[in-house]
Amino acid sequence: MSRITLQAPRHLRGKLLVPGDKSVSHRAVMFNAIARGRARITNFLTGADCLSTIACMQALGVEIERQNDTVIVNGVGLRGLREPTDVLDCGNSGTTLRLLTGLLAGQPFFSVLTGDASLRARPQRRITEPLRSLGASIDGRANGDRAPLAVRGAPMHGGRYTLSIASAQVKSALLLAALTSDAPLRLDGQIDSRDHTERMLSAMGIDIGIGLDHITLFPPLQDAESKLIPHSLTLRVPGDPSSAAFWWVAAAIHPDAEITTTGVCLNPTRTGALDVLRAMGANLTISNETIEGSEPIGDVTVHSSELVGTRIEGDLIPRLIDEIPVLAVAAACATGETIVRDAQELRVKESDRIATVVTGLQALGVEAEDQPDGFIVSGRGGEPLRGAVLNSHGDHRLAMAWAVAALAANPETTIIGAEAVQVSYPGFWETLAMLGHDV
Ligand code: S3P
């Protein structure tokens, strides 16, 4: 395990392009693999999670070439995947495992999906139970709640399902299973999670109806293949707001900072962190807003700010779920109390992010209290954080949140398990050094 020791730099300054969005990168490869035609994906995220998706799609018989962050996918069509000769390894990636299980549920072959120790410890009943209700034959450890998952492809039926958690991974697994079903699928309930799947499949020619409280996917007819549906989609992946958020908070909590992140995905299902930072009083501006493919993008500039505590709860949670560790660092530096509620999903992410965030904040000298569905942080106001030795627990977003905390801590902070950043942000440490470099 690698460790990195950081001291607070005198200033933080720079303009940077954050890596491609993780959710969009996964989907761009997976969906183009089952499309007709050849697609060119640029600004693809080369983090370990998205490389797991490429490897799995290759193991399913899809020809994919990658050169740095450009990926060429030669789609095989909805019925062109091949039975893999070995277990599919999804690494640390919940998105790969859950979306792929949905996609494979209706394919006429057998497949097994697994991942690393963290992924194998995460709950899967949330996908296996609804997929079974559509006709899937899936088994796994703990009665189908833990990977490895074994999928015996079966005909999918459409119908209706009410989502009980606002999870894009669950929603997407069901929509992908419905692609091969014999009737439309209607999803009700908690549909308000990130909507990249709906946007991208629709741009590929799939008929998806989006209502205020429901989504309906109409599977392409059997002769759709001859009409090349779904058709391949060449795209540039927008910058990842979940990666940019580390720099937004870094600039806000540092006394001498100005950072601009360019070309960031500003899809409203992903911008909860911007809303929270504004509510906390962050000095933040958005410019150059435009549309890139099926996603809105723009530049975000943040200056040193005097933050105040806030409440993060309810409908906001799915719009910033991955940003909560770094928002907790913002809360630690703010004046007053920040309360996070309705975020029990944090317990089943790459680590138990309620427990790991609270323990780390306490080590930094911050008053923080664990709650069943969130936490309460008493900010230190203008007081610097207390440098500490912190653990990433193998969780990429924790490693980066602690690096941001180190920018406002004295005298120094050590992060154990710093290599975890590779999962979603391979150039993170180099970018951090560039931003704090004395010119
Ligand atoms: C993702 C959805 C979210 C998010 C994850 C990526 C996706 O998970 O936390 O990092 O790409 O669909 P849930 O859908 O489980 O909330």
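Basis of the calculations
Residues numbered from 1 in each chain as written. Predicted model: local features only at pLDDT ≥ 70, side-chain atom pairs only at ≥ 80, totals over all residues. Heavy atoms only, no water. Pairing = 2+ DSSP bridges. Helix = DSSP H or I, 4+ residues; strand = E, 2+ residues; numbered from the N terminus. Near = heavy atom within 4 Å. Polar contact = N/O pair within 3.5 Å; in protein donor to acceptor, adjacent residues only side chain to side chain. Areas by Shrake-Rupley, 256 points an atom, 1.4 Å probe, with all protein chains shown as cover. Nonpolar A, V, L, I, M, F, W, Y, C, P; charged D, E, K, R; others polar. Domains from an automatic or database assignment. Axes fitted to C-alpha atoms, helices over the stretch in contact; angles between N-to-C directions. Parallel < 35°, antiparallel > 145°, perpendicular 65-115°, else oblique. Left-handed = near helix turned anticlockwise from the far one by under 90°. Contact = heavy atoms within 4.5 Å. Salt bridge = Lys/Arg side-chain N within 4 Å of Asp/Glu carboxyl O. Buried < 20%, exposed > 50% of the residue type's maximum accessible area, 1.4 Å probe, protein only. Buried area = accessible area lost by both parts, 1.4 Å probe.

Caption draft 1: The arrangement of the pairing of strand β16 (residues 283-292) in detail. Judged from the 8 bridges that link them, β16 and strand β17 (residues 295-303) form a sheet pairing that is antiparallel. When the bridges of β17 are listed, serine 287 appears paired with aspartate 299.

Caption draft 2: Representation of the site of the ligand. Lys22, Ser23, Arg27, Thr95, Ser167, Ala168, Gln169, Arg194, Ile321, Asp322 and Lys349 make up every residue found near the ligand. The contact in question runs from an oxygen atom of the ligand to an N or O atom on the side chain of serine 167, over 2.8 Å. Aspartate 322 is positioned with one of its side-chain polar atoms (N or O) 2.7 Å from an oxygen atom of the ligand. In isolation the ligand has 380 Å² of accessible area, and contact with the protein removes 95% of it. Elements with a contribution of two residues or more to the shell around the ligand: α1 (22-33) and α7 (168-178). In the shell around the ligand, the residues fall into 2 nonpolar, 4 polar and 5 charged. Two domains each put at least three residues into the shell around the ligand: domain 1 (3-20 + 238-434) and domain 2 (22-236).

Caption draft 3: Representation of the packing of helix α12 (residues 353-363) against helix α13 (residues 396-406) in the model. For the pair α12 and α13, interaxial distance at closest approach is 11 Å and the crossing angle is 20°. In terms of axis orientation, α12 runs roughly parallel to α13. For α12 against α13, the interelement crossing comes out right-handed. On α13, the residues touching Arg353, Thr356, Val357, Gly360 and Leu361 of α12 are His396, Arg397, Leu398 and Trp402. For the contact of α12 with α13, a count of residues per class yields 4 nonpolar, 3 polar and 2 charged.

Caption draft 4: A look at the pattern of salt bridges. One pass over the full model with this rule turns up 23 salt bridges. Residue lysine 22 pairs with aspartate 49 through a salt bridge whose shortest N-O separation is 3.4 Å. Here lysine 22, found in helix α1, pairs with aspartate 49, found in helix α2 (residues 48-59); they are 27 residues apart in sequence, far enough to count as distant. On the basis of relative accessibility, which here comes to 9%, the residue lysine 22 falls in the buried class. The salt bridge involving arginine 278 is made with aspartate 275; its shortest N-O contact spans 3.5 Å. Placement of the pair is arginine 278 and aspartate 275 together in helix α10 (residues 272-279), with a separation of 3 residues, close to one helical turn. Three or more residues are tied together by salt bridges with common partners; here these are Arg122, Arg194, Asp322, Glu350, Arg353, Asp395 and Arg397.

Caption draft 5: Region of interest: the domain arrangement of the protein chain. Segmentation of the protein chain into domains returns domain 1 (3-20 + 238-434) and domain 2 (22-236). Spacing between the C-alpha centres of domain 1 and domain 2 amounts to 29 Å. Taken together, the contacts link 29 residues of domain 1 with 25 residues of domain 2. Between domain 1 and domain 2, a total of about 2200 Å² is buried, with carbon and sulfur atoms accounting for 47% of that surface. For the domain 1 face of the interface with domain 2, the top three residues by lost area are Gly20, Glu350 and Val423, together amounting to 22%. For the pair domain 1 and domain 2, the interface holds 3 salt bridges. Residue aspartate 322 pairs with arginine 194 through a salt bridge whose shortest N-O separation is 3.3 Å. Seen at the junction of domain 1 and domain 2, the total is 14 residue pairs in polar contact (both at pLDDT 80 or more). Of all the elements in the fold, those that place two or more residues in the side of domain 1 that touches domain 2 are β17 and α13. Of the residues in the side of domain 1 that touches domain 2, the class split is 12 nonpolar, 8 polar and 9 charged.

Caption draft 6: Region of interest: the sheet that holds strand β13 (residues 214-218). Within the open sheet, the 4 strands sit side by side as β10-β11-β13-β12. Their pairing is mixed. Of all strands in the sheet, those with a lone pairing partner are β10 (159-163) and β12 (207-210), marking the two edges. Recorded for the sheet is a direction-independent mean angle of 15° between the axes of neighbouring strands. As judged from the 4 bridges shared by β12 and β13, these two strands associate in the antiparallel manner. The residue of β13 that forms the bridge with isoleucine 210 is isoleucine 215. Running at roughly 165° to strand β11 (residues 185-189), α7 makes contact with β10, β11 and β13 of the sheet.

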